[in-house]
Amino acid sequence: MARVAAPLSATGKQSTHPVDEVLPLPKLALYGFQHVLAFYAGAVIVPIIVGGALGLTTEQLVYLINADLFTCGIASIIQAWGIGRIGARLPLIQGVTFTAVSPMIAIGLGAGGGTAGLLVIYGAVITAGIATFAFAWLPPKAFRTIMRIFPPVVTGTVITVLGIVLIPVGLNDAAGGLGSPDFGAPKHFAYAGGTMLFILILMKLGRPFLNSISILLGLVGGTIVAFLLGDAKFGDVSNSDWIGITTPFYYGAPKFEWFPIILMLIVMLITMVETTGDTYAVGDIVGKEIDSETVARALRADGAATALGGVLNSFPYVAFAENVGLVRMTKVKSRFVVVAAGVFMIVLGLLPKAAAIVAAVPHGVLGGAATVMFAMVALAGIQTLGKVDLKEEKNALIVGVSLAFALLPATVPVFFKEHMNVDLSSLLNSGVTLGATAAIVLNLIFNGLGKDDAHNVPAAASPLADSPLAEASAAGTAVADTAVADTAAADTAAADTAAADTAAADTAAADTAAADTAAADTAVADTAAADADGEPTAAIPAQSAEGERSAPAPTA
């Protein structure tokens, strides 16, 4: 990418780049809160799903949501503001990755569920965060070599697998939540279907801002209807405190076990590709050059935030692609808007009553919204695979066999529960783990290390033209894809125009040359006529290829 210089001011001095512009406080607050709205549903849905799967109490779930929001705010400020060589200093919102949902549930249930499961998860999260932070300090050449392990055929497959594996999680919530006494009751599916329909209508309206908050509005609308019909209980809201402080290791000291750590390291490898893609995408949008050092700073922020998340009772973090799309739509490029959004999230993380309201969302409503989000994540992977030459048998085999491995845990669960060591089962009883591992190994066997650098690799992880979105909610994903597609269309149009101008210039040059040739022929003809009349003539200088007259030829 060519370097984009900041525009010059009227005095001739270089002005502040839009990314580094500090907007007036009212605008910072307004635009920052808009980012929070676009991000909120995707942020809180991960702790809700994981906490529900592990069987946490309502009080524990409220604390988990608060911890997530609080840490999201800190992580976003680190990424946008920057601390030394940590943080991309770009308008990137940090949120909990969806890639980790299925593996974390597998780890937690393998450790017995409840808070005991959380402690093993946090041990793996802290270790993976430290490893990611250390990885981002590698020399650029080594960094690029490792990133070549993730070409589009790998990351596209992984994101498709992620969506496919998560869709059943959303459907279980749509049925009322696993373990509920009325699991599968029609009323739960009615709430899920109504919520889904409302979200689709908002998306159909095509308003950019409505698209970015359609999941949030769907959750709010579905919960209101459920409350009016007596199926949403907010009794715990009144019992919750107004102010609550997130403290380190609230659930106890983390436990470090090898197999969960290995699983979380695989998750972080995938999220590194996602953040890399989102960094390049937002750089294109705001007109800021992205080099390997910028990507490394973004990944250091991911690693630091993930390790901090494990300490503050949260989960792994990644750049959220729906907010990248929001930057494109609003054309507000200042990174300090994201800093303001981080402040809002920290404040929300200190309000247990707000988290209690979120925890009261009925399972059916949550399942309807989550199913849409997870289905769009799968679509993101399919869109990326569309850029891969699947006519080549080796690429088709990588995708097909990886999908088959990913479906094994859900299809034959008894193999992992009754015929496998408990520790090994906690590692392998995950479609994401098996599918991702199969894709990476098969690609190395068939394709080896590709020649693409880190800039080209991330196209796999997200519907963004060059960004992996394993992460984001469906609405934001689709919006981000559209945004980059529009940019690409504009670039193509500009290229076509330039080509047309060049063609026109060539035509004009050809016409001029033809005219000169005709004039020269006429002159020669006149000379010949003059010679016929017996009059001497001077030699006419020839036209050189460069358009200059050559020296006259000597006369006999």
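Relevant structure appears above.
Below you will find a few notes about this structure. (Residues numbered from 1 in each chain as written. Predicted model: local features only at pLDDT ≥ 70, side-chain atom pairs only at ≥ 80, totals over all residues. Heavy atoms only, no water.)

## As for the overall build of the protein chain
Summing up its helical and strand segments, the protein chain has 21 helices and 2 strands in all. The buried share among the 556 residues of the protein chain stands at 50%. (Helix = DSSP H or I, 4+ residues; strand = E, 2+ residues; numbered from the N terminus. Buried < 20%, exposed > 50% of the residue type's maximum accessible area, 1.4 Å probe, protein only.)

## Description of the packing of helix α6 (residues 152-174) against helix α17 (residues 393-411)
Remark: α6 packs on α17, axes separated minimally by 10 Å, with the N-to-C direction vectors making an angle of 30°. Considered as vectors, α6 and α17 are oriented roughly parallel to each other. In this structure, α6 meets α17 at a crossing whose hand is right-handed. For the pair formed by α6 and α17, the contact residues are V153, T157, T160, V161, I164 and V165 on the first element and N395, I398, V399, S402, L403, A406 and L407 on the second. By residue class, the composition of the contact of α6 with α17 is 9 nonpolar, 4 polar and no charged. (Axes fitted to C-alpha atoms, helices over the stretch in contact; angles between N-to-C directions. Parallel < 35°, antiparallel > 145°, perpendicular 65-115°, else oblique. Left-handed = near helix turned anticlockwise from the far one by under 90°. Contact = heavy atoms within 4.5 Å. Nonpolar A, V, L, I, M, F, W, Y, C, P; charged D, E, K, R; others polar.)

## Observations regarding the layout of surface pockets
By volume, the second largest pocket is sized at about 420 Å³. Around the second largest pocket sit 20 residues that line it, and Y40, L216, V220, I357 and V358 are the ones nearest its centre. Elements represented by at least two residues in the lining of the second largest pocket include exactly α1 (25-54), α9 (214-228), α14 (335-348) and α15 (352-359). (1 Å grid on protein atoms, 1.4 Å probe; cavity = no way out; pocket = protein on both sides within 12 Å on 5 of 7 lines; lining within 4 Å. Points joined across faces, edges and corners; volume = space filled by probe spheres on them.)

## Examining the packing of aromatic side chains
Scanning the model with the defined rule gives 9 aromatic pairs in all. Ring centres of F33 and F344 lie 5.6 Å apart, and the angle between their planes is 65°; this geometry places the pair in the edge-to-face category. One end of the pair, F33, is in helix α1; the other, F344, is in helix α14, with 311 residues separating them in the sequence. Here a set of aromatic residues connected by ring pairs shows up, and it is made of Y63, Y122, Y250, Y251 and F315. In this structure, R300 is placed above the aromatic ring of W137, and the distance from its NZ or CZ to the ring centre is 3.8 Å. The ring of W242 carries the charged tip of K353 above its face, separated from the ring centre by 5.0 Å. (Phe/Tyr/Trp six-rings, centres within 6.5 Å; stacked < 30°, edge-to-face > 60°. Lys NZ or Arg CZ within 6 Å of the ring centre and 35° of its normal.)

## Quick word on the nonpolar core
With 87 residues, the main nonpolar core has V46, I121 and F315 as its most contacted residues. M147, Y280, V388 and A436 belong to the second-largest nonpolar core, a separate cluster that totals 35 residues. (Core = buried A, V, L, I, M, F, W, Y, C linked by side-chain atoms within 4.5 Å.)

## Structural notes on unusual backbone geometry
Only a minority of non-glycine residues have a phi that is not negative, and only a minority of peptide bonds are not trans. With a phi close to 55°, R89 is a non-glycine residue in the positive phi region. If you trace the backbone, R89 turns up in the loop between α2 (58-81) and β1 (94-96). Even without being glycine, N313 reaches a positive phi, approximately 70°. With respect to the helices, strands and loops of the structure, N313 is situated in the loop between α12 (292-311) and β2 (317-319).

## Looking at the pattern of salt bridges
Tallied over the entire structure, the rule returns 7 salt bridges. Between E293 and R85 there is a salt bridge whose closest N-O contact spans 3.3 Å. Here E293 is found in helix α12, whereas its partner R85 is found in the loop between α2 and β1, with 208 residues between them in sequence. A relative accessible area of 26% places E293 in the partly exposed class. For R85, a relative accessible area of 45% translates into the label partly exposed. Of the charged contacts in the structure, one is a salt bridge between E293 and R300, with a shortest N-O distance of 3.2 Å. Here the salt bridges share partners, and the residues they tie into one network are D20, K288 and R335. (Salt bridge = Lys/Arg side-chain N within 4 Å of Asp/Glu carboxyl O.)

## Here's the deal with the packing of helix α11 (residues 258-286) against α12
Across the interface, α11 lies against α12 with an axial gap of 9 Å and an inter-helix angle of 135°. Between α11 and α12, the angle is such that the two are oblique. Two packed elements cross with a definite hand, and for α11 against α12 that hand is right-handed. Of α12, the residues touching α11 (which contributes M268, T271, M272, T275, T276, T279 and Y280) are T294, V295, A298, L299, D302 and T306. Residue composition of the contact of α11 with α12, by class: 6 nonpolar, 6 polar and 1 charged.

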